[in-house]
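# Fold and geometry: a report
The residues making up each chain are set out below.
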Amino acid sequence: MNMIKLFFIVVLILTINLVGCGGVEKKTTDSHTRLIQLAKETLEIVAQIEEHEMRYAQKKSLNDWTIAYQLKRAGVDSLLIQLNDKILEGRFFEKLPEEGLTQKAKIFLHAAENIKIYINTTNVDMTQLVGGKPPPAFDVYSSERYLKPATSELQKILDNESKSSK
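For the structure given in this document, a descriptive report is provided here. Owing to the predicted nature of the structure, the values given are computational and were not obtained by experimental measurement.

What counts as what
Throughout, a residue's number is its position along its own chain's written sequence, starting from 1. Two thresholds apply to this predicted model, a pLDDT of at least 70 for residue-level local features and 80 or more for giving and counting side-chain atom pairs, whereas whole-chain, interface and lining totals are computed over all residues. In computing side-chain properties, one takes all heavy atoms of the structure into account and sets aside hydrogens as well as water. Working definition: a ring pair exists when centres of Phe, Tyr or Trp rings (six-membered ring for Trp) sit within 6.5 Å. Plane angles under 30 degrees give stacked, over 60 give edge-to-face, the rest tilted. Every helix listed is a DSSP run of H or I at least four residues long, and every strand listed is a run of E at least two residues long, numbered separately from the N terminus. For the exposure calls, accessible area comes from a 1.4 Å probe over protein chains only, and a residue counts as buried if that area is under 20% of its type's maximum, exposed if over 50%, partly exposed in between. Patch membership needs two things, relative accessible area over 30% and no salt bridge, and members are linked within 9 Å if like-charged or within 5 Å if nonpolar (Val, Leu, Ile, Met, Phe, Trp, Tyr). Using the Shrake-Rupley algorithm and a 1.4 Å probe, accessible areas are obtained, with residue cover drawn only from the displayed protein chains. In the sections that follow, a salt bridge refers to a side-chain nitrogen of Lys or Arg positioned within 4 Å of a carboxyl oxygen of Asp or Glu.

### Things to note about the packing of aromatic side chains
A full pass over the atoms with the stated rule returns 3 aromatic pairs. Both rings, one in W65 and one in Y69, keep their centres 6.5 Å apart while their planes meet at 65°; by these two values the pair is edge-to-face. Of the two residues, W65 and Y69 are both situated in helix α3 (residues 65-94); the distance of 4 residues between them amounts to about one turn of the helix. Summarising the burial analysis for this pair, W65 and Y69 share the class buried. Here the aromatic residues Y56, W65 and Y69 are joined through ring pairs into a cluster of three or more.

### Considerations on a nonpolar patch on the surface
On the surface, M54, F138 and V140 cluster together into a nonpolar patch covering about 300 Å² of accessible area. Mapping M54 onto the fold places it in helix α2 (residues 30-59). For M54, a relative accessible area of 43% puts it in the partly exposed group.

Interpretation note: all reported values are geometric properties and have no functional meaning in isolation.
Structure representation (structure tokens):
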């Protein structure tokens, strides 16, 4: 009789383990979701930087380009503050032990740091350097070197997430 009870207990335990572990599904955690949201918000910052540059480019041919230039610089400076907050949050995610999160956080941080470099190199006060002429609206070299790779890295994070959620 004890052998039959032992047999049923073993079968019951095996059944519970098989049923319980059989439905393992990869769910996105809150951390993954927030990192994806950070990537989206950072892409929006890039769009806003480009918008400030376009607005300045349209107004720089006017005689009152100095005001447009100062507005561009002030707007981009406020975006830099927002970006620094996102970088700090990304550094937090880099330290979490969740599977796959560290690598995504590193990609995010690399992209965000490149955007920060772009802002710092293109948003300096160039009025003293150009001597009374309007400073250029765009820095094509820095955009190709920093902004476009950062945008593609952020987009890669979003694309990978959309593929894994399907």
